[in-house]
Amino acid sequence: MIDTHPTKCNICGGPVIYVSNDRVYGRKYGSGYCYLCKNCGAYVGTHKPRPKEALGLLADESMRKGKMMCHSLFDPIWEGKPKANKKRQDLYKWLSKQMDIPVEYCHFGYFDIHQLRKAYKILLDIQGMTMLYDNCGNILFKAEKGEADE
């Protein structure tokens, strides 16, 4: 379960404070607030409609980079496509099965560095493939024509 009101850093165990996010970004952004570790500087933003609720785990630089790398592979699969929101939800469901985690915990903001690396490898393996649905509505990926012949 993700702690939506963290008081202890998930990375270093240090104390976490709830602060204006201008301390991190130099200006207020999104909800205007974040949780910040006083020891290591890891942070996580909060939901705009619920500014005391963390968006996920506190993240250091390597985790933030990992999240961006995962999103760079994941988002093009569903963004701008017909029924994009459904495709996004289905893709997270598919990823949860690949990672063997409950779908409610399958979100890049909830992943630690090890899970981010695992997700990245899984997503890298399907790059250049076409996302399809089988007769039961499950996602499968198929190599584009000519790719298997190379």
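All values reported here derive from a predicted model rather than from experimental measurement.

Draft legend 1. Focus on the overall build of the protein chain. Looking only at helices and strands, the protein chain has 4 helices and 5 strands in total. C-alpha extents for the protein chain along the principal axes are approximately 55 × 30 × 30 Å. For the protein chain, with 150 residues in total, the buried portion stands at 37%. Charge-centre separation for the protein chain: the mean point of 23 positive side chains lies 7 Å from the mean point of 17 negative side chains.

Draft legend 2. Highlighting the pattern of salt bridges. Evaluated as defined, the whole model comprises 3 salt bridges. As a salt-bridge pair, R50 and E53 come within 2.9 Å of each other at their nearest N and O atoms. Under the relative-accessibility criterion, E53 is labelled partly exposed at 22%. When the shortest N-O distance is used, the salt bridge between R64 and E61 registers 3.1 Å. Remark: E61 and R64 occur in helix α2 (residues 61-78); sequence separation between them is 3 residues, near one turn of the helix. Of the residues examined, E61 reaches a relative accessible area of 53% and is grouped as exposed.

Draft legend 3. Examining the packing of aromatic side chains more closely. For the coordinates displayed, the defined rule picks out 9 aromatic pairs. With 5.1 Å between their ring centres and 50° between their planes, Y18 and Y35 make a pair best called tilted. Placement of the pair is Y18 in strand β1 (residues 16-20) and Y35 in strand β2 (residues 33-37), with a sequence separation of 17 residues. By way of ring pairs, the aromatic residues F74, Y92, F108 and F111 are connected into one cluster.

Draft legend 4. How the structure looks around the nonpolar core. Counting 28 residues, the largest nonpolar core has L91, W94, L95 and F108 as the members making the most contacts within it. Broken down by secondary-structure element, the contributors of at least two residues to this core are α2, α3 (84-99), α4 (113-125) and β5 (139-143). Excluding its chain neighbours within four sequence positions, the residues that come into contact with L95 are F74, C106, F108, A119 and I122. With 8 residues, the next largest nonpolar core counts C9, Y35, V44 and L58 among its residues.

Draft legend 5. View of the packing of α2 against α3. At a minimum axis separation of 8 Å, α2 and α3 run at an interaxial angle of 135°. It follows from the interaxial angle that α2 and α3 lie oblique. Of the two elements, α2 crosses α3, and the hand of that crossing is right-handed. Along the contact surface, α2 presents H71, F74, I77 and W78, while α3 presents A84, K87, R88, L91, Y92 and L95. The residue makeup of the contact of α2 with α3, split by class, is 7 nonpolar, 1 polar and 2 charged.

Draft legend 6. Expanded view of the environment of E79. Structurally, the position occupied by E79 is in the loop between α2 and α3. Each C-alpha atom, one on E79 and one on V16, is 34 Å from the other, the two residues being 63 residues apart in sequence.

Definitions and cut-offs
- Residues numbered from 1 in each chain as written.
- Predicted model: local features only at pLDDT ≥ 70, side-chain atom pairs only at ≥ 80, totals over all residues.
- Heavy atoms only, no water.
- Helix = DSSP H or I, 4+ residues; strand = E, 2+ residues; numbered from the N terminus.
- Buried < 20%, exposed > 50% of the residue type's maximum accessible area, 1.4 Å probe, protein only.
- Lys, Arg positive; Asp, Glu negative; His and termini not counted.
- Charge placed at Lys NZ, Arg CZ, Asp CG, Glu CD.
- Salt bridge = Lys/Arg side-chain N within 4 Å of Asp/Glu carboxyl O.
- Phe/Tyr/Trp six-rings, centres within 6.5 Å; stacked < 30°, edge-to-face > 60°.
- Core = buried A, V, L, I, M, F, W, Y, C linked by side-chain atoms within 4.5 Å.
- Contact = heavy atoms within 4.5 Å.
- Axes fitted to C-alpha atoms, helices over the stretch in contact; angles between N-to-C directions.
- Parallel < 35°, antiparallel > 145°, perpendicular 65-115°, else oblique.
- Left-handed = near helix turned anticlockwise from the far one by under 90°.
- Nonpolar A, V, L, I, M, F, W, Y, C, P; charged D, E, K, R; others polar.

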